[in-house]
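Residues per chain, in single letters:
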Amino acid sequence: CRPLKRRSRARVVYDSHEHSVQHMLQKGFIPVPLRRILALAVARAERRALPHLDAVVTADRGVAEHFRRIGADPVVLHNFVRRDLFEGIERPETPEFDLTYHGSLPRFYLETCFAADDELVRRGRRVRWRFIAQLLERDEAWAADQVRRRGAADRFEFHPRVPHDRIAATVAEARIGIIPLPDRPKYHSNIPTKLFEFMALGMPVVLSDLPPTRPFVADGEAAIAVRPDDPVAYAVAIDELLADPARAERMGQAGRDKVARGLNWSAEADKLLQLYRRLTGVPLPGGADGIPPA
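Residues numbered from 1 in each chain as written. Predicted model: local features only at pLDDT ≥ 70, side-chain atom pairs only at ≥ 80, totals over all residues. Heavy atoms only, no water.

Attention shifts here to the sheet that holds strand S3 (residues 75-76). Taken in spatial order, the three strands line up as S1-S2-S3 in an open sheet, and their pairing is parallel. Two strands close off the open sheet at either side, each with one partner strand: strand S1 (13-16) and S3. Note: strand S2 (residues 55-58) against S3, two bridges, orientation parallel. Paired with Val57 across the strands is Val75, a residue of S3. In this fold helix H4 (residues 61-69) packs onto S1, S2 and S3, with an angle of close to 150 degrees to the strand it touches most, S2. (Pairing = 2+ DSSP bridges. Helix = DSSP H or I, 4+ residues; strand = E, 2+ residues; numbered from the N terminus. Contact = heavy atoms within 4.5 Å. Axes fitted to C-alpha atoms, helices over the stretch in contact; angles between N-to-C directions.)

Here the focus is helix H12 (residues 265-280). Here H12 is 16 residues long and its end C-alpha atoms lie 22 Å apart, about the 22 Å a rise of 1.5 Å per residue gives. Buried within H12 are the following residues: Glu268, Ala269, Leu272, Leu275 and Leu279. Down the axis of H12, the buried side of the element spans an arc of 115 degrees, and every buried residue falls inside it. Of the surrounding secondary structure, the elements contacted by the buried residues of H12 are S1, S2 and S3. (Expected span 1.5 Å × (residues − 1). Buried < 20%, exposed > 50% of the residue type's maximum accessible area, 1.4 Å probe, protein only. Arc of directions from axis to C-beta.)

Under the definition given, this model contains 20 salt bridges. For the salt bridge of Asp239 with Arg125, the shortest nitrogen-to-oxygen distance reads 2.4 Å. Of this pair, Asp239 sits in helix H10 (residues 231-243) while Arg125 sits in the loop between helix H5 (107-122) and strand S5 (129-132), and the two are 114 residues apart along the sequence. Its salt-bridge partner being Lys258, residue Asp219 comes within 2.8 Å of it at the nearest N-O pair. Of this pair, Asp219 sits in the loop between helix H9 (214-217) and strand S9 (223-226) while Lys258 sits in helix H11 (residues 245-261); the two residues are 39 residues apart in sequence, bridging distant segments of the chain. Classification of Asp219 as partly exposed rests on a relative accessible area of 44%. One network of salt bridges, with partners in common, ties together Glu119, Arg122 and Arg123. (Salt bridge = Lys/Arg side-chain N within 4 Å of Asp/Glu carboxyl O.)

Attention shifts here to helix H3 (residues 32-49). Counted at 1.5 Å a residue, the expected span for H3 with its 18 residues is 26 Å, and the 26 Å between its end C-alpha atoms agrees. What H3 keeps buried is the set Arg35, Ala39 and Glu46. The arc enclosing the buried residues of H3, seen along the axis, measures out at 35 degrees, which places them on a common side. Facing away from the buried surface of H3 by more than 90 degrees, the exposed residues are Pro33, Ile37, Leu40, Arg44 and Arg48. Of the surrounding elements, those touching the buried residues of H3 are S1, helix H2 (20-24) and H4.

With that settled, the discussion passes to the packing of aromatic side chains. When we look at a pair of aromatic rings, we describe it by the centre distance and by the angle of the planes. Counting across every chain of the model gives 13 aromatic pairs. Aromatic pair Trp129 and Phe131: ring centres 6.0 Å apart, planes at 10 degrees, arrangement stacked. The same class applies to Trp129 as to Phe131, namely buried. Measuring from centroid to centroid gives 6.4 Å for Phe131 and Phe156, while their planes differ by 10 degrees, and the two rings are stacked. Linking Phe131 in strand S5 with Phe156 in strand S6 (residues 156-159), this pair joins segments that are 25 residues apart in sequence. (Phe/Tyr/Trp six-rings, centres within 6.5 Å; stacked < 30°, edge-to-face > 60°.)

Okay, the environment of Ala267 next. Of note, Ala267 is situated in helix H12. Note: C-alpha distance between Ala267 and Leu241 (26 residues apart in sequence) is 32 Å.

What follows deals with the environment of Arg128. Following the sequence through the fold, Arg128 ends up in the loop between H5 and S5. On the basis of relative accessible area, Arg128 is assigned to the partly exposed category, the value being 23%. The spacing of Arg128 and Thr100 is 28 residues in sequence and 8.7 Å in space, taken between C-alpha atoms. Within the structure, the side chain of Arg128 is placed 3.2 Å from the side chain of Glu96, a separation counted as a polar contact. (Polar contact = N/O pair within 3.5 Å; in protein donor to acceptor, adjacent residues only side chain to side chain.)

Have a look at this one:
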């Protein structure tokens, strides 16, 4: 940071969307003996850089607490949705898929979904899954074998990634959004952005009951939070929603209402503009305090 600031006189902002130290501890491609060493190196680098940073920005309160503990005063900018990207999306009356997930897809997410599917089949319910993701190369053969072993090639679709401006329409082709996060340290800090994307599309959500998402879903209005790493709990929640379309519709509408009332980017954009104003001293257009109206 110091050389950069000396040469350019620029303000330096550290935008940390992940708890990088915790994330290092669970990266599967790093040999286990090296993970703790690299995590310590990242922690040391953050501490050394901190006095030379003009601001720290995080996407959730969990990561913000990490930086407060080491002496920063972070600005929390939640990754809420831009409503314009989700408005006007027509959801099919009879969706082709029952469940969908989009984003990075590590094997432990799929293990939970495969096990939940086994439980659903045991209960007599066969559902259609769509994963909009690029599997890691080492997981492709494993996932194909899991599908083949279940005789479920017609029920599991692995859709390639789609352009950002098409993701909403593609996700909306399913009934329920699923977020099978495991109970690991990283997920005790980060909020999955896809939660708000599902809500913006009017889709009920089944997800792991973890601290970062609890403030948004604890009332049960828009999502069912279940025990992490419990495929049976996931299957029960999915079964309940598919058996009660009226409830699923109510939950989807509740999620859409929550996004309209505040879980969208407008309020967060105001905070970002406030930060820019503080760092640059340049008045911003919009209102008496220099902030555009939401």
